[in-house]
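# Architecture at a glance
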Amino acid sequence: FMSLLDSINDERVWQQFLEYKSNAGHLTKGEARFLARFVQDRMYSIVSSKIISGQYQFGLPMKVLLNKSGSQKKRTVYRYSAAETMVLKLVAFLLYKYDGAICPNCYSFRRNATAQTAISCIASIKDIQSKYALKIDVSNYFNSIPSAMLQERISQVISDDAPLRDFLIGIISQDKACSIGPD
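This one's a predicted model, so the numbers in the text were calculated from it and none came from an experiment. (Residues numbered from 1 in each chain as written. Predicted model: local features only at pLDDT ≥ 70, side-chain atom pairs only at ≥ 80, totals over all residues. Heavy atoms only, no water.)

### Topic: the confidence of the model for the protein chain
With 94% of its residues at a pLDDT of 70 or more, the protein chain shows a mean pLDDT of 85. Below a pLDDT of 50 lies the segment residues 176–183, which in the model reaches 16 contacts outside its immediate sequence neighbourhood of four places, other chains included. (pLDDT = per-residue confidence, 0-100. Contact = heavy atoms within 4.5 Å.)

### Some remarks on the pattern of salt bridges
In this structure the tally under the stated criterion is 4 salt bridges. Between Asp160 and Lys97 there is a salt bridge whose closest N-O contact spans 3.5 Å. In this pair, Asp160 sits in the loop between α7 (147–157) and α8 (162–179) while Lys97 sits in the loop between α4 (82–94) and α5 (115–123), placing the two residues 63 residues apart along the sequence. You can call Asp160 partly exposed: its relative accessible area is 39%. Taking the shortest distance from any N to any O, the salt bridge between Arg165 and Asp166 comes out at 3.1 Å. Arg165 gets classed as partly exposed once you look at its relative accessible area, which sits at 22%. (Salt bridge = Lys/Arg side-chain N within 4 Å of Asp/Glu carboxyl O. Helix = DSSP H or I, 4+ residues; strand = E, 2+ residues; numbered from the N terminus. Buried < 20%, exposed > 50% of the residue type's maximum accessible area, 1.4 Å probe, protein only.)

### Notes on the packing of aromatic side chains
Counted according to the given criterion, the structure contains 9 aromatic pairs. Centre to centre, the rings of Trp14 and Tyr44 are 4.6 Å apart; their planes meet at 15 degrees, and the pair counts as stacked. A residue pair is termed long-range when its members are at least 10 positions apart, and Trp14 in helix α1 (residues 11–23) and Tyr44 in the loop between α2 (29–40) and α3 (45–52) qualify at 30 residues. Of the two residues examined, Trp14 and Tyr44, each falls in the buried class. Relative to Phe167, the ring of Phe58 lies with its centre 5.9 Å away and its plane at 50 degrees, an arrangement referred to as tilted. With a gap of 109 residues between them, Phe58 in the loop between α3 and β1 (62–67) and Phe167 in helix α8 connect regions that are remote in the sequence. Pair check on accessibility: Phe58 and Phe167 agree, each one buried. Each residue in the set Trp14, Phe17, Tyr20, Phe34, Phe38, Tyr44 and Phe93 is aromatic and connected to the rest through ring pairs, giving one cluster. (Phe/Tyr/Trp six-rings, centres within 6.5 Å; stacked < 30°, edge-to-face > 60°.)

### Some details on the nonpolar core
By size, the foremost hydrophobic cluster in this structure holds 30 residues, and its most contacted members are Ile8, Trp14, Leu35, Ile51, Leu90, Leu164 and Phe167. Of all the elements in the fold, those that place two or more residues in this core are α1, α2, α3, α4 and α8. Contact partners of Phe167, with chain neighbours within four places excluded, come to Leu5, Ile51, Phe58, Leu88 and Val91. (Core = buried A, V, L, I, M, F, W, Y, C linked by side-chain atoms within 4.5 Å.)

### Some details on the pairing of β1
Of the pairings in the sheet, the one linking β1 to strand β2 (residues 74–79) comprises 6 bridges and is antiparallel in character. Note that in β2 the partner of Met62 across the bridge is Arg79. Linking β1 back to β2 in an antiparallel pair, the connection comprises 6 residues, with Gly70 at a positive phi of about 75 degrees. (Pairing = 2+ DSSP bridges.)

Take a look at the structure:
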């Protein structure tokens, strides 16, 4: 049995990830240079080999304030280290294997479902001019999801890969514990 996590230390998988991100136009020039260097220098190996062996504990994410587009307000986000973030992005890239378990009208964090896909889907609705749309932004969305419910759903969807399931549940449990708090 080979877990999806076993592939996160495979240079060929990282090359595929780099090619996909570059060809899809998902990277700025600076991000493309960073990711190419990250792959070339195998900077992922320290994090990925420890994850595979079950000996890695993610550090606490760092709090970062970002400017909100078109306003003076700041948005609080939490970021892992650059190496941890890249490994998590690769895992997200590999999770396309489970896309069939995701509601088809969910367009976030999916390989072939983009904002353009969503707009095309909406534009193709018959009699669209007689319909209404609601755009909302749920405050503190991720932290409002009961982690037990999320863990149960992950266990249902990723029932064929215990190491991956346990890894994702571990991150969710840790994130819930360390990201809740005043901004």
